[in-house]
Amino acid sequence: MTSSGEEVMQLLAIKDPTLSTICKRAASNVAKRLSALLNRNVKYTFTGISIIPLENLYNAVDGGDVYVNFVSTLEGAIKGLVLLLIPYGSMTEIMKHLLEGLCPNSNDREIKLSLVQELGNIIIGGFISEIANYMNSTIFYSIPSPIIDLPRAFLDAVISLLAPLDFVIMINATIEDYTSSLQVHIVLLPGDGSAIPQTGESLQ
Amino acid sequence: MKPKILIVDDSQFTRLLIRKCIEKNMNAEIKEANDGHEALKVFKDFEPHIVFMDINMPKMDGITALKKIRSFNKDAIIVMVTALEQQSITRDLKSLPNVAFIAKPFDCNALLNMLTSYIKRLV
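Residues numbered from 1 in each chain as written. Chains lettered and ligands numbered in written order. Predicted model: local features only at pLDDT ≥ 70, side-chain atom pairs only at ≥ 80, totals over all residues. Heavy atoms only, no water.

With that out of the way, let us pick up the overall build of chain B. When you go through chain B residue by residue, the secondary structure sums to 5 helices and 5 strands. Ordering the α and β elements of chain B from the N terminus gives β-α-β-α-β-α-β-α-β-α. Taking 14 Å as the expected radius of gyration for a compact globule of 123 residues, we find that chain B reaches 13 Å, a close match to that expectation. The principal-axis extents of the C-alpha atoms in chain B amount to approximately 35 × 30 × 25 Å. Each of the 123 residues in chain B was classed as buried or not, and the buried ones make up 55%. Across chain B, contacts joining residues at least 24 apart in sequence account for 62% of those joining residues at least 6 apart. Counting only carbon and sulfur atoms, one obtains 47% of the accessible surface of chain B, whose full area is about 5,700 Å². (Helix = DSSP H or I, 4+ residues; strand = E, 2+ residues; numbered from the N terminus. Rg over C-alpha atoms; globule rule 2.2 N^0.38 Å. Buried < 20%, exposed > 50% of the residue type's maximum accessible area, 1.4 Å probe, protein only. Contact = heavy atoms within 4.5 Å. Areas by Shrake-Rupley, 256 points an atom, 1.4 Å probe, with all protein chains shown as cover.)

Have a look at this one:
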């Protein structure tokens with residue numbers, strides 16, 4: 001293990017309980033929001049958090065499936081990017097359910113795109129708001145842009161835009177209702193001057 | 001009185017959701033705007049009784065739009081409908097008169113209750 005790898009392992013030991021607490025609260029917040037949107041009981045379970053080397057990010061998301069990938073820029077107490085990756089098939093199921101209730105015969109592409117964007121906004125907003133409230137700070141995020149692609153292609157495009165980055169924070173969650181269960185990945189890529197460090201300090 | 005309502009959100013889906021919720025339950029005149037900048041223009045022409053305003057929008061965010069509307073109409077009733085539920089942001093705005101918050105995704109009944117209570121005050 002390299003010295004920076006050891007630093008990260010130490011960091012994980014310090015930060016993991018704090019980050020886990022935030023994530024559990026955020027997951028509960030998102031579950032409440034999704035239940036309201038879908039008008040049915042949705043369980044949103046936080047399944048794990050890890051700080052992983054950037055190169056391992058590719059293996060941490062499922063390789064072969066197409067995802068709806070969102071990217072949003074963070075400003076304020078946390079700077080950087082937040083990514084949200086949702087399996088495409090699951091997303092289309094959620095959309096079908098929502099559009100049936102709202103406009104059953106809708107083939108309107110704009111409405112569908114708007115709905116996808118709003119789902120990303122609600123999930124990212126739930127997480128980011130919970131982190132901001134926990135830190136008693138403000139974090140602004142840009143309107144999430146959805147990109148439908150294989151995770152690897154999406155990550156390549158996003159990471160090529162960033163300054164060199166060693167580690168990322170990966171949060172995994174499961175959304176479950178009566179009929180389906182889906183894995184959601186949220187990735188925080190801290191930028192310079194972020195309160196979430198790239199390799200050092202504690203979260204608070 | 002037929003209430004005049006302005007819905008401001010960059011999400012067409014959310015605008016549709018709010019419109020359907022209101023139209024199902026009351027007779028209202030509704031106009032929409034896509035961002036804060038457009039909201040200012042529509043507000044001046046339409047003079048709505050109540051505005052439902054998103055915060056996170058392109059061109060002009062909802063907080064800036066709220067402040068600009070208040071600069072020429074200090075009594076405007078503005079309900080912020082937002083996924084950005086950060087206490088550091090909402091704390092100051094909540095202290096303003098005639099400003100309320102509803103979290104996204106909103107509950108239609110909660111939105112209607114809020115709308116009805118404001119309309120009663122206007123009559």
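So, about the overall build of chain A. Tallying secondary structure elements over chain A gives 5 helices and 7 strands in all. The linear arrangement of helices and strands in chain A, starting from the amino end, is α-β-α-β-β-α-α-β-β-α-β-β. Relative to its 204 residues, chain A shows a buried fraction of 54%. Roughly 9,200 Å² of accessible area belongs to chain A as shown, and the carbon and sulfur atoms make up 51% of that amount.

Averaged over every residue, the pLDDT of chain B is 91; residues scoring 70 or more account for 100%. Predicted complex metrics record ipTM = 0.77 and pTM = 0.80. (pLDDT = per-residue confidence, 0-100.)

A few words now on the interface of chain A and chain B. Each partner contributes residues to the interface: chain A has 28 residues there, and chain B has 21 residues. Summing both partners gives a buried area of about 2,100 Å² for chain A against chain B, and 54% of it is carried by carbon and sulfur. If you look at where chain A meets chain B, you find 1 salt bridge. Of the charged contacts in the structure, one is a salt bridge between B:Lys104 and A:Glu118, with a shortest N-O distance of 2.7 Å. One can count 14 residue pairs in polar contact (both at pLDDT 80 or more) joining chain A with chain B. If you list the elements that add at least two residues to the side of chain A that touches chain B, you get α1 (3–38), α4 (109–135) and β4 (139–141) of chain A. Top contributing element to the side of chain A that touches chain B by residue count: α4(A), with 13 residues. Partitioning the side of chain A that touches chain B into residue classes produces 13 nonpolar, 11 polar and 4 charged. (Buried area = accessible area lost by both parts, 1.4 Å probe. Salt bridge = Lys/Arg side-chain N within 4 Å of Asp/Glu carboxyl O. Polar contact = N/O pair within 3.5 Å; in protein donor to acceptor, adjacent residues only side chain to side chain. Nonpolar A, V, L, I, M, F, W, Y, C, P; charged D, E, K, R; others polar.)

Right, let's get into the packing of α4(A) against helix α1 (residues 12–25) of chain B. Each pair of packed helices gets described by two things: the angle between the helix axes and the distance between those axes. Across the interface, α4(A) lies against α1(B) with an axial gap of 7 Å and an inter-helix angle of 95 degrees. Relative to α1(B), the element α4(A) lies roughly perpendicular. On α1(B), the residues touching A:Glu110, A:Ile111, A:Ser114, A:Leu115 and A:Glu118 of α4(A) are B:Gln12, B:Phe13, B:Thr14 and B:Leu16. The class makeup of the residues in the contact of α4(A) with α1(B) is 4 nonpolar, 3 polar and 2 charged. (Axes fitted to C-alpha atoms, helices over the stretch in contact; angles between N-to-C directions. Parallel < 35°, antiparallel > 145°, perpendicular 65-115°, else oblique.)

With that settled, the discussion passes to α4(A). Taking 1.5 Å per residue, 27 residues should reach 39 Å; α4(A) reaches 39 Å between its end C-alpha atoms and fits that length. When you tally the buried positions in α4(A), you get 21 out of 27 residues, the bulk of the element. (Expected span 1.5 Å × (residues − 1).)

It is worth spelling out the sheet that holds strand β5 (residues 99–103) of chain B at this point. All names here are of chain B. Strand order across the open sheet formed by 5 strands is β2-β1-β3-β4-β5, with parallel pairing between neighbours. The strands lining the two open edges of the sheet, one partner per strand, are β2 (29–33) and β5. Pairs of neighbouring strands in the sheet enclose a mean axial angle of 20 degrees, with direction left out of account. Sheet analysis places strand β4 (residues 77–82) next to β5, joined by 5 bridges and oriented parallel. The residue of β5 that forms the bridge with isoleucine 78 is valine 99. Packing against the sheet, helix α2 (residues 36–46) makes contact with β1 (4–8), β2 and β3 (50–53), and its axis sits at approximately 150 degrees to β2. In the packing of helix α3 (residues 62–72) onto the sheet, contacts are made with β3, β4 and β5, and the angle to β4 comes to roughly 180 degrees. (Pairing = 2+ DSSP bridges.)

Once that is clear, we can look at the pattern of salt bridges. For the structure on display, the rule yields 7 salt bridges over all chains. Of the charged contacts, one joins B:Lys74 and B:Asp75 as a salt bridge, the two residues approaching to 3.9 Å between their closest N and O atoms. Sharing partners across several salt bridges, the network here consists of A:Glu118, B:Asp9, B:Asp54 and B:Lys104.

Looking at the element boundaries, B:Asn56 is found in the loop between β3 and α3. A residue is classified by how much of its surface remains accessible, and B:Asn56, at 16% relative accessible area, is buried. Of the polar contacts made by the side chain of B:Asn56, one reaches the backbone oxygen of A:Tyr141; its length is 2.7 Å. Discounting residues that sit within four places of it in the chain, B:Asn56 has contacts with A:Tyr141, A:Ser142, A:Ile143 and B:Asp10.

Residue and element names in this part refer to chain B. Taken as a whole, this structure holds 1 aromatic pair over all chains when the rule is applied. A centroid spacing of 5.8 Å and a plane angle of 65 degrees characterise the contact between phenylalanine 43 and phenylalanine 72, whose relative ring orientation is edge-to-face. Pair noted here: phenylalanine 43 is in helix α2 and phenylalanine 72 is in helix α3, with a separation of 29 residues, a long-range link. Directly above the aromatic system of phenylalanine 46 lies the positively charged group of lysine 4, at a separation of 5.3 Å from the ring centroid. (Phe/Tyr/Trp six-rings, centres within 6.5 Å; stacked < 30°, edge-to-face > 60°. Lys NZ or Arg CZ within 6 Å of the ring centre and 35° of its normal.)

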